[in-house]
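As a plain string of letters, each chain reads:
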Amino acid sequence: MKIALIAHDGKKADMVHFLSGFRERLHQADVDLVATGTTGSHIEKAGFEVIKLLSGPFGGDAQIAAMAAQKELAMVVFFRDPLDKHPHEPDVQMLMRICDVHNIPLATNPASAELMFKAFTQT
Ligand SMILES: O=C(CO)COP(=O)(O)O
């Protein structure tokens, strides 16, 4: 099972904190993590194995959208920062739209991500 992880700059610490709480369960559930570039670097530094794509503003969101459209992802976790502006907002909207088009579970905050992770990593 492959899970995509994306966090805007103001939410990267939240992403690492969130993942750290699921370290054991992720390992047991044999989950592959894929992330946009800078998010991936933060996750890697926290000791996780992760496939890093391009940074979000350089096309990383679009790469993840393509994976979602090709049904390669079990879910997408995208911790957006609603209090900041993003030059690649059209890509962000496109990714969320593609998730809805293809009915891919999309969590945009830790509370929803926790519910989905618990469901996906149930043993
Ligand atoms: O910009 C992002 C999501 O829109 C995230 O990209 P990075 O992980 O490269 O910072």
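All of these numbers come straight from a predicted model, not from anything done at the bench.

Parameters at a glance
Residues numbered from 1 in each chain as written. Predicted model: local features only at pLDDT ≥ 70, side-chain atom pairs only at ≥ 80, totals over all residues. Heavy atoms only, no water. Pairing = 2+ DSSP bridges. Helix = DSSP H or I, 4+ residues; strand = E, 2+ residues; numbered from the N terminus. Contact = heavy atoms within 4.5 Å. Buried < 20%, exposed > 50% of the residue type's maximum accessible area, 1.4 Å probe, protein only. Axes fitted to C-alpha atoms, helices over the stretch in contact; angles between N-to-C directions. Parallel < 35°, antiparallel > 145°, perpendicular 65-115°, else oblique. Left-handed = near helix turned anticlockwise from the far one by under 90°. UniProt positions renumbered as here; feature names shortened; annotations may be inferred. Polar contact = N/O pair within 3.5 Å; in protein donor to acceptor, adjacent residues only side chain to side chain.

A.B. asks: How should the sheet that holds strand β5 (residues 106-107) be read in this particular structure?
C.D. replies: An order of β3-β2-β1-β4-β5 is seen for the five strands of this open sheet, with the pairing classed as parallel. Only two strands of the sheet have a single partner each, and these edge strands are β3 (51-52) and β5. With five bridges connecting them, strand β1 (residues 2-7) and strand β4 (residues 75-79) associate as parallel partners. Its bridge partner being in β4, Leu-5 is matched across the sheet by Val-77.

A.B. asks: Even after reading the chapter, I still don't get the side chain of His-86, so can you show me in this structure?
C.D. replies: Here His-86 is to be found in the loop between β4 and α5 (89-101). Those residues in contact with His-86, other than ones at most four positions away along the chain, are His-8 and Asp-81.

A.B. asks: Help me out: how do you make sense of the pairing of β1 in this one?
C.D. replies: Side-chain direction in a regular strand flips from residue to residue, so the side chains alternate between the two faces of the sheet. Among the six residues that make up β1, five are buried, leaving the element largely enclosed by the rest of the structure. Two elements, β1 and strand β2 (residues 32-35), share four bridges in a ladder whose sense is parallel. Bridged to Ile-3 within β2 is Leu-33.

A.B. asks: How do you make sense of the packing of helix α4 (residues 60-69) against α5 when you look at a structure like this?
C.D. replies: Each pair of packed helices can be described by the angle between their axes along with the distance between the axes. The contact between α4 and α5 brings their axes to 9 Å, and the two run at 10°. Classified by the interaxial angle, the pair formed by α4 and α5 is roughly parallel. The chirality of how α4 crosses α5 is left-handed. Residue-level contacts link Asp-61, Ala-62, Ile-64, Ala-65, Ala-68 and Ala-69 of α4 to Asp-91, Val-92, Met-94, Leu-95 and Ile-98 of α5.

A.B. asks: Any chance you could explain the UniProt feature "binding site: substrate" (unreviewed entry) in the chain here in plain terms?
C.D. replies: Mapped onto the present numbering, the UniProt feature "binding site: substrate" (unreviewed entry) falls on His-8, Lys-12, Thr-36, Gly-37, Thr-38, Thr-39, Ser-55, Gly-56 and His-88. Note that Thr-38 resides in helix α3 (residues 37-45). Beyond its immediate sequence surroundings of up to four residues, Thr-38 is in contact with Lys-12 and Ser-55. Along the chain, the position of Thr-39 falls in helix α3. By relative accessible area, Thr-39 is classed as buried at 3%. If we skip the residues at most four places from it in the chain, Thr-39 touches Leu-5, Ile-6, Ala-7, Lys-12 and Met-15. There is a polar contact of 3.1 Å between the side chain of Thr-39 and the backbone nitrogen of Ala-7.

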